[in-house]
Amino acid sequence: GLDRGIDLAGRPARRPRRAVVGEVLERCLTARDLGEAATALAASPGVDFVVLLNDHDGPVAAADSDGLLAGLTHEILRCSADTPLVDAARRAICRPPASRFHPLVCTDRAGRLLGVARFERVVEHLARAVPQAPDPSSPVHGDFGAGDWP
């Protein structure tokens, strides 16, 4: 059989590039306390959560509009921008059901907030990396353009 470590030209095969969390980061609202968080969410229609920061711009918790009404926050899952997406997704899916799909919070090496990776963006990025032909019988087939398939 073929040696998977050698390409057809006899050169060492390149390892496929691994997607990292930094590829799906987005900006997020931040606040220093729950009062500031509630004000920020009220002023930002369509935004559903805010990351609470300490005095050194490090994320300490997150809150959504439902939790803010009760004064509740939830724990965050921190990762770095160079964390492989596959690893981040595995860590996220092992969280308790109530927080399983909360955004991942990305920090730099000093622990300062870089942004968040919404779980749906992580899954979409990973799904697009799986080579497959479109299935015409799939109910979502019409939602994607022909050029969108890997």
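For the structure itself, look to the data block above.
Residues numbered from 1 in each chain as written. Predicted model: local features only at pLDDT ≥ 70, side-chain atom pairs only at ≥ 80, totals over all residues. Heavy atoms only, no water.

For the environment of Val-116, give the residues involved together with the corresponding values.
Considering the arrangement of structural elements, one finds Val-116 in strand 6 (residues 113–117). Between the C-alpha atom of Val-116 and that of Leu-77, which follows or precedes it by 39 residues, the distance is 10.0 Å. Those residues in contact with Val-116, other than ones at most four positions away along the chain, are Val-24, Leu-25, Glu-26, Arg-27, Cys-28, Phe-49, Val-51, Pro-103, Leu-104 and Val-105. (Helix = DSSP H or I, 4+ residues; strand = E, 2+ residues; numbered from the N terminus. Contact = heavy atoms within 4.5 Å.)

Can you tell me about the sheet that holds strand 2 (residues 49–53), naming the residues and giving the values?
Pairing between the strands of a sheet is mediated by backbone hydrogen bonds and can be parallel or antiparallel. Taking strand neighbours across the sheet as the criterion, the three strands line up as 1-2-3 in an open arrangement whose pairing is mixed. A single partner strand is all that each edge strand has here, and the edge strands are strand 1 (29–31) and strand 3 (59–64). Recorded for the sheet is a direction-independent mean angle of 35 degrees between the axes of neighbouring strands. With five bridges connecting them, strand 2 and strand 3 associate as antiparallel partners. Across the sheet, residue Phe-49 finds its bridge partner in strand 3, namely Asp-64. (Pairing = 2+ DSSP bridges. Axes fitted to C-alpha atoms, helices over the stretch in contact; angles between N-to-C directions.)

Requested: an account of the sheet that holds strand 4 (residues 77–80), with residues and values cited.
Taken in spatial order, the three strands make up an open sheet running 4-5-6, and their pairing is mixed. One side of each edge strand has no neighbouring strand; the edge strands of this open sheet are strand 4 and strand 6. When strand polarity is set aside, the average angle formed by the axes of neighbouring strands in this sheet is 35 degrees. Bridge count between strand 4 and strand 5 (residues 104–107): four bridges; the pairing is parallel. Bridge assignment links Cys-79 to a residue of strand 5, and that residue is Cys-106. Sitting on the sheet, helix 3 (residues 85–93) touches strand 4 and strand 5, and the angle it makes with strand 4 is about 170 degrees.

I'd like a description of the pattern of salt bridges, backed by residues and values.
In total, this model carries nine salt bridges according to the counting rule given. Glu-26 is the salt-bridge partner of Arg-118, the closest N and O atoms lying 2.8 Å from each other. Placement of the pair is Arg-118 in the loop between strand 6 and helix 4 (119–128) and Glu-26 in the segment before strand 1, with a sequence separation of 92 residues. With relative accessibility at 21%, the residue Glu-26 sits in the partly exposed group. The network of salt bridges with common partners includes Glu-26, Asp-48, Arg-118 and Arg-121. (Salt bridge = Lys/Arg side-chain N within 4 Å of Asp/Glu carboxyl O. Buried < 20%, exposed > 50% of the residue type's maximum accessible area, 1.4 Å probe, protein only.)

Which residues make up helix 3, and what values go with them?
Listing the buried residues of helix 3 in full gives Leu-85, Ala-88, Ala-89 and Ala-92. For helix 3, the buried positions fall inside an angular range of 100 degrees around the axis, keeping them on one side. (Arc of directions from axis to C-beta.)

Could you give me a rundown of helix 1 (residues 34–42), with the residues and numbers involved?
Counting along an α-helix, one turn takes 3.6 residues, and residues three or four places apart therefore face a common direction. Listed in full, the buried residues belonging to helix 1 are Ala-37, Ala-40 and Leu-41. Burial along helix 1 is one-sided: seen end-on, the buried residues are contained in an arc of 95 degrees. Exposed and facing more than 90 degrees away from the buried side of helix 1 are Thr-39 and Ala-42. The secondary structure elements touched by the buried residues of helix 1 are strand 1, strand 2, strand 3 and helix 2 (65–69).

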